[in-house]
Every structure is written in C-alpha cells, then in structure tokens.
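Results of the structural survey
Okay, here's what each chain looks like letter by letter:
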Amino acid sequence: MIQRMVENREAGYRKDHLVTQEERPLYREVSAAMDQIQNYLGHGSGRIDLAEVYLKRV
C-alpha cells in the first residue's frame, strides 16, 4: 500500500488514487501509521511529501 501511495503521488495523483472500497481499511491503517511516524519525527501529520523522501528507492 505504501508503494502505491508513493507511486500515486509521483504520478501527480492523490495518495489514495484508485484505492478500492475493499482496500480502504488497509489504506487508513497505513496512513495512520505513517502519520504517527511523522509526528514522532516532529513533522506533523499528512506529510506524504516527506515520507516519499524517506521511502524512495535509490
């Protein structure tokens, strides 16, 4: 799910682009975990832009 979220953003879409109804619970869980990590790092919630930097493959 994280990979799809990052790929969606790279393609210019919202991070939840094409997430199905069946995938919504997983999406919400992953998104909440990412927000929690961002908060621990002092960046605040909803910072997918920073998560992209941390998670991007080299």
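Residues numbered from 1 in each chain as written. Predicted model: local features only at pLDDT ≥ 70, side-chain atom pairs only at ≥ 80, totals over all residues. Heavy atoms only, no water.

Remarks on the pattern of salt bridges
Counting across every chain of the model gives four salt bridges. Between Asp16 and Arg24 there is a salt bridge whose closest N-O contact spans 3.4 Å. Judged on exposure class, the residue Asp16 and its partner Arg24 are both buried. Taking the shortest distance from any N to any O, the salt bridge between Arg47 and Asp49 comes out at 3.0 Å. (Salt bridge = Lys/Arg side-chain N within 4 Å of Asp/Glu carboxyl O. Buried < 20%, exposed > 50% of the residue type's maximum accessible area, 1.4 Å probe, protein only.)

Thoughts on the side chain of Asn8
Within the secondary structure layout, Asn8 lies in helix α1 (residues 2-10). For Asn8, a relative accessible area of 13% puts it in the buried group. At 3.2 Å, the side chain of Asn8 and the backbone oxygen of Lys15 are in polar contact. Every residue in contact with Asn8, bar those within four places of it in the chain, is listed here: Tyr13, Arg14, Lys15, Asp16 and His17. (Helix = DSSP H or I, 4+ residues; strand = E, 2+ residues; numbered from the N terminus. Polar contact = N/O pair within 3.5 Å; in protein donor to acceptor, adjacent residues only side chain to side chain. Contact = heavy atoms within 4.5 Å.)

Notes on a nonpolar patch on the surface
Residues Ile2, Ile37, Tyr40, Leu41, Val53, Tyr54 and Leu55 make up a contiguous nonpolar surface patch of about 740 Å² in total accessible area. Here the nonpolar patch gets three residues from one element, more than from any other, and that element is helix α3 (residues 48-55). (Patch = residues over 30% accessible without salt bridge, like charges linked within 9 Å, V, L, I, M, F, W, Y side chains within 5 Å. Areas by Shrake-Rupley, 256 points an atom, 1.4 Å probe, with all protein chains shown as cover.)

Examining the confidence of the model for the chain
In the predicted model, the chain carries a mean pLDDT of 87, and the fraction of residues at 70 or more is 97%. Mean pLDDT in the chain bottoms out at α3, which sits at 78, and peaks at helix α2 (residues 24-40), which reaches 91. (pLDDT = per-residue confidence, 0-100.)

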